[in-house]
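The primary structure of each chain is shown beneath.
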Amino acid sequence: MADLQAIVDSVYYDLSDRIGEGKLADYIPELATVDPKQFGIALVTVDGQTHAAGDTETAFSIQSISKVFTLTLALGKIGDGLWKRVGREPSGNAFNSIVQLEQEKGKPRNPFINAGAIAVADVVLAGHLPKEAIGEIVQFIRHLADDESIAIDQNVARSETQTGYRNVALANFMKAFRNLDHPVEHVLGVYFHHCAIAMSCRQLAHAGLYLASAGRNPLNGGSVVSASRARRINALMLMCGHYDGSGDFAYRVGLPGKSGVGGGILATAPGKASIAVWSPGLNEVGNSQLGSAALELLAQRTGWSVFGQ
Ligand code: GLU
């Protein structure tokens, strides 16, 4: 068994002179106020060992990583019925693109682009007030991470609510195609708030463990989803988790992953570990520059890949 702590330390150390690389997401004003010189790696193995280096206790805005958890909840509610509302194909477009949505008549390509996640939020909202749906999402994540302290950063939620014009456009577009059941403001309220959940790398790696462990939380033995659903969520993360950078991420890292514009990435090494990395500076397609580099080195040094040894 490789010395995982030594590998995590070596990845952190080898990239430490690049801390601060990349560009902060400034289209959400609150995210532009984050100190870019932060970098953390946390890995939780399926037998419950945590290995961490750098800023792994600092809570950051998980943004689109939250879409993994809302997808899990929506599949729990309506199962395969979800695929009538959202596709399962990579988009090859930017995360907030409206072009494809028009061509494909209001059915988003996948649950991880913004339009797809807004449709997923609509599913999670069914039978609830927006507040209750937001509460359900936060409770689910707290349960997964076994940490009641996880909360929404209200400044980020407000900032995005005030400036999320593109998401308002996407939601209205889908509403026009009858792909949203609830009022646009309610659905966006749920979406903006789940994107604004703040978590540390350590909490996030813990919360993602069910994806590495056949749908079970190995730390308390509880079943979160079936093994086949965990596999499928991983497949979607691999194909669609990095927007139009998904192919490059699969090529370089070879593990399912989901990025967020807060600079975090959650990755799954099936049967081995859940990994969360964070550094706020983004590359040109909106994925953490250092986070992607860290996962590439980590995958090389551990030999972990879904494509073979
Ligand atoms: N809340 C962000 C948005 O809708 C999420 C984007 C991301 O993290 O990739 O623009």
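In the block above lies the structure referred to throughout.
Just so we're clear, the structure is a prediction, and the values are computed from it rather than from any experiment.

What counts and how
- Residues numbered from 1 in each chain as written.
- Predicted model: local features only at pLDDT ≥ 70, side-chain atom pairs only at ≥ 80, totals over all residues.
- Heavy atoms only, no water.
- Disulfide = S-S within 2.5 Å.
- Buried < 20%, exposed > 50% of the residue type's maximum accessible area, 1.4 Å probe, protein only.
- Helix = DSSP H or I, 4+ residues; strand = E, 2+ residues; numbered from the N terminus.
- Contact = heavy atoms within 4.5 Å.
- Patch = residues over 30% accessible without salt bridge, like charges linked within 9 Å, V, L, I, M, F, W, Y side chains within 5 Å.
- Areas by Shrake-Rupley, 256 points an atom, 1.4 Å probe, with all protein chains shown as cover.
- Salt bridge = Lys/Arg side-chain N within 4 Å of Asp/Glu carboxyl O.
- Lys, Arg positive; Asp, Glu negative; His and termini not counted.
- Charge placed at Lys NZ, Arg CZ, Asp CG, Glu CD.

Draft legend 1. Up close: the state of the cysteines. Within the structure shown, the criterion is met by zero disulfides. Not part of a disulfide, Cys 195 finds its nearest cysteine sulfur in Cys 240, a span of 16 Å. Residue Cys 195 is classed as buried on the basis of its relative accessible area of 1%. Sulfur of Cys 201: no disulfide; nearest cysteine sulfur belongs to Cys 195 and is 18 Å away.

Draft legend 2. Representation of the side chain of Asn 114. Within the fold, Asn 114 resides in helix H4 (residues 114–125). Here Asn 114 falls in the buried class, since its relative accessible area comes to 3%. Excluding residues within four positions of it along the chain, Asn 114 makes contact with Ser 64, Lys 67, Phe 95, Asn 96, Asn 167, Leu 170, Tyr 191 and Tyr 243.

Draft legend 3. Main features of a positive patch on the surface. On the surface, a cluster of positive charge is made up of Arg 88, Lys 107, Arg 231 and Arg 232. Looking at the secondary structure, you find Arg 231 in helix H11 (residues 227–240).

Draft legend 4. Region of the structure containing the pattern of salt bridges. Applying the stated criterion to the full structure yields ten salt bridges. Close ionic contact of Glu 21 with Arg 18 constitutes a salt bridge, the shortest N to O distance being 3.0 Å. For Glu 21, a relative accessible area of 27% puts it in the partly exposed group. Judged by relative accessible area, Arg 18 falls into the partly exposed class, the value being 30%. As a salt-bridge pair, Arg 202 and Glu 57 come within 2.3 Å of each other at their nearest N and O atoms. Pair noted here: Arg 202 is in helix H9 (residues 201–207) and Glu 57 is in the loop between strand E2 (50–54) and strand E3 (60–61), with a separation of 145 residues, a long-range link. A single network of salt bridges, built from pairs that share partners, joins Arg 85, Asp 122 and Asp 181.

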